[in-house]
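# Architecture at a glance
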Amino acid sequence: MSYDVFISHSSKDKETVLRIYESLSHRALKCWISLEHISPGGNYMEEITTAMNSSNVLVLIFSENTNSSEDVKKEIRLADKNKLLIIPLKIDDAEPTGAFDYALSACQWIEFYPDSEKALDTVAAKIKDHNERIGQLENEVLKALEQDGVIEADDQKYVEHDIGVEKLGLTESQSKAIIKRVIKQSIRIPVKDRELYYLNLISEMLEDGKITSLEKRRLAERAKSLGINELRAEALLEQEIYKKGIADIPRSISAPLPGEEKHLNAEEKHTCDDGYKLKSRDTGQLADRHVESHVITDTSGDGNDVDFVDSDEETPWEYFQLGNMTVGQVLDSPDCEELAGYIAFYAVEDEDDIGSVLEQLKKAPPTALIKDVVEDYANFINIDRVGELSVADARSFSLARVIKKIITGLSLDEVQRILDKTHGKTKVCNAFIAYWPDTETDDEIFDDLPSPDYFELGDMKAGEVLAHSEARHLIQRIASFVEKSEQTVRKYLEEANPNRFVKDVVKNYQNILDPDVLASMNISTARDLELGKVIARSFNIKNLDVITKILDTAHGNTLVGTAFSRYLPK
């Protein structure tokens, strides 16, 4: 059972305390008070702790008697630990001393006399306002939890700071405590189910018969968000790799199945060598590397040029490092396909489009540099291109040094610090808005770019798109609807009859109209793709204003099917 307010008091002030309790109850507040709620023979400490854990506000009825009450001191300490809002209500002229003076120094005091009714109105308003804000935050946490019972680190940071602190005015510690409490109280996926869900993710990663370091890193992040122990997550991954015969496990291990209690010890961890120095947690010694490193970073100081320069810093597949590697070094590397995936991201912003990258490399001289032979690679450092990336991508692809070249006024460490603490869905340009270069001319250009909606674009002819002065922008927009690379979409258009419609020649273009496909999409994607009219048609909703309101107010991670559940076709 939850309460609007926990009333803390000295038993010696019983008459006044009961009057205050009744008055607050008459103001539609659910109050907990020991005089009324602790049953004879009940466990005093246990019942107080339970009630405190079920409240968000503590009203302290302060008097001379309170100053000497050890029980009230304990309640204040417990309230502070649970991050409750404390409202001191003075019923006499006594001033707080000792522990009370320290604990209540930052609180806003309310005088019960001379106008007790006005004082109680003020107290009630504060309680209701605080509980309303907490209710809003709890709803945001539940929205983030509703998909699979877990909340991602980026989403938690967003809910905690952007919603709890910035929007609702709660303190950071209150926001954290509320999120922790909601997560603890919510119906969580059982451990076995979470591990089975994680195993399904692994199976999806292993469908092509291999797994890259980037995919391993993403799986590790997902395991953490699911609450799976790091060592256990690695054991489950190795188990699936072994089952599919992708690679032999270089040590004797019987990987635990979901539900078993066996875990790996520290010495069994990290035995695979992917070409980097691996540090043992126990010995601190560095293992030998079997691949020569070709690490290129910026050491120019101000970071304002775009030269590719040498460095001994170890940053795995960083942009400048790859740009200065030779074609031969990439093709001969045992991690060739993974390298190609990073190059593809830098060149065409699609890490899965490695085919075209490998094709370019195989046609180039072995001694040529990547930055010189891969189309658009050197063009990656572009204010608009980098600015539109998400912070999550910037972290995944180690873009701190790239961002440092674009902006001024921040050190490399400061750039990395901003990336680490910013919500992953934030655009890079917004994360560094105070430092991002002024591009008014570019903004005007973007304002003039054609922005046809899904239906308008689908009704354009293939030849019309290719001949358009802003063909690349239109192709990018088509690619976003079908989740394919620009090159793949361009290939569809170029190979099609120029008089055929985009919706007929681009594979999967019309899939988005399927209510089931649309329902499985999250709200943030629907907003980004401006799918209001698509939702109206697929779910047969006549009022576009209703759709716009739901898209604007629903949490980004909420599924479209959940947000529009009342409109879903039977």
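Analysis parameters
- Residues numbered from 1 in each chain as written.
- Predicted model: local features only at pLDDT ≥ 70, side-chain atom pairs only at ≥ 80, totals over all residues.
- Heavy atoms only, no water.
- Helix = DSSP H or I, 4+ residues; strand = E, 2+ residues; numbered from the N terminus.
- Pairing = 2+ DSSP bridges.
- Contact = heavy atoms within 4.5 Å.
- Axes fitted to C-alpha atoms, helices over the stretch in contact; angles between N-to-C directions.
- Buried < 20%, exposed > 50% of the residue type's maximum accessible area, 1.4 Å probe, protein only.
- Right-handed = clockwise from strand over helix to strand, strands pointing away.
- Phe/Tyr/Trp six-rings, centres within 6.5 Å; stacked < 30°, edge-to-face > 60°.
- Salt bridge = Lys/Arg side-chain N within 4 Å of Asp/Glu carboxyl O.
- pLDDT = per-residue confidence, 0-100.
- Arc of directions from axis to C-beta.
- Parallel < 35°, antiparallel > 145°, perpendicular 65-115°, else oblique.
- Left-handed = near helix turned anticlockwise from the far one by under 90°.

Turning our attention to the environment of Val123. If you trace the backbone, Val123 turns up in helix α7 (residues 116-145). Spatially, the C-alpha atom of Val123 lies 8.2 Å from that of Val59, the residues being 64 residues apart in sequence.

For the rest of this paragraph, the subject is the sheet that holds strand β3 (residues 57-62). What the 5 strands build is an open sheet, ordered β2-β1-β3-β4-β5; its pairing is parallel. This sheet does not close on itself; its edge strands, each paired only once, are β2 (31-33) and β5 (110-111). Across 2 bridges, strand β4 (residues 85-90) lies against β5 in parallel orientation. The residue bridging Lys90 from the neighbouring strand is Glu111, located in β5. Strands in contact with α7 are β1 (5-8), β3, β4 and β5; relative to β4, the strand with the most contacts, it is inclined by about 175°.

With an omega of 10°, the peptide bond running from Tyr113 to Pro114 counts as cis. Inspection of the secondary structure puts Pro114 in the loop between β5 and α7. Phi at Glu530 takes a positive value of approximately 55°, unusual for a residue other than glycine. Relative to the elements of secondary structure, Glu530 occurs in the loop between α30 (523-528) and α31 (532-538).

This part covers the pairing of β1. The alternating pattern of β1 places Val5 and Ile7 on one face and Phe6 and Ser8 on the opposite face, and all of these are buried. Bridge analysis of β1 against β2 gives 3 bridges, and the strand direction is parallel. Pairing of Ile7 across the sheet is with Ile33, part of β2. The handedness of the β1 to β2 crossover, carried by helix α1 (residues 14-26), is right-handed. Here β1 pairs with β3 via 3 bridges, running parallel. Counted as the bridge partner of Ile7 is Val59 from β3.

Quick look at the packing of aromatic side chains now. Overall, the coordinates contain 10 aromatic pairs when judged by the stated rule. A ring pair is formed by Phe345 and Tyr346, whose centres lie 5.9 Å apart and whose planes are at 70°; its orientation type is edge-to-face. Accessibility assignment for this pair places Phe345 and Tyr346 in one class, buried. Note on Phe539 and Phe564: the rings are 6.2 Å apart at their centroids and 55° apart in plane angle, and the pair reads as tilted.

Time to look at the pattern of salt bridges. Inspection of the entire model under this criterion finds 11 salt bridges. With a shortest N-O distance of 2.8 Å, Glu117 and Arg27 are connected by a salt bridge. Linking Glu117 in helix α7 with Arg27 in the loop between α1 and β2, this pair joins segments that are 90 residues apart in sequence. Two residues, Asp129 and Arg133, come together in a salt bridge whose shortest N-O distance is 3.1 Å. Placement of both Asp129 and Arg133 in helix α7 is noted, with a separation of 4 residues, approximately one turn of the helix. Beyond isolated ion pairs, a larger network of salt bridges with shared partners links Arg27, Glu117 and Asp121.

Another aspect to go through is the confidence of the model for the protein. Low pLDDT marks regions whose predicted coordinates should not be analysed in detail. Looking at the protein, pLDDT values average 76 and 80% of them are 70 or higher. Note that residues 248-316 has pLDDT below 50 and, in this model, 124 contacts with residues that lie over four places away or in other chains. The low-confidence segment residues 440-448, where pLDDT is below 50, has 2 contacts with residues more than four positions distant or belonging to other chains.

Time to look at helix α21 (residues 412-421). By the burial criterion, the buried members of α21 are Val415, Ile418 and Leu419. In a view along the axis of α21, the buried residues occupy a sector of 100°, so they form one face of it. Pointing more than 90 degrees away from the buried face of α21 are the exposed residues Asp413, Arg417 and Lys421. Each element contacted by the buried residues of α21 is listed here: α19 (391-396), α20 (400-406) and α22 (428-431).

With that out of the way, let us pick up the packing of α1 against α7. Packing of α1 against α7 leaves a shortest axis separation of 10 Å and a crossing angle of 60°. As summarised for this structure, α1 and α7 are arranged oblique, according to the angle between their axes. Along this stretch, α1 crosses α7, giving a crossing that reads as right-handed. In this structure, α1 uses Arg19, Ile20, Ser23 and Leu24 to contact α7, whose residues at the interface are Ser116, Leu120, Val123 and Ala124.

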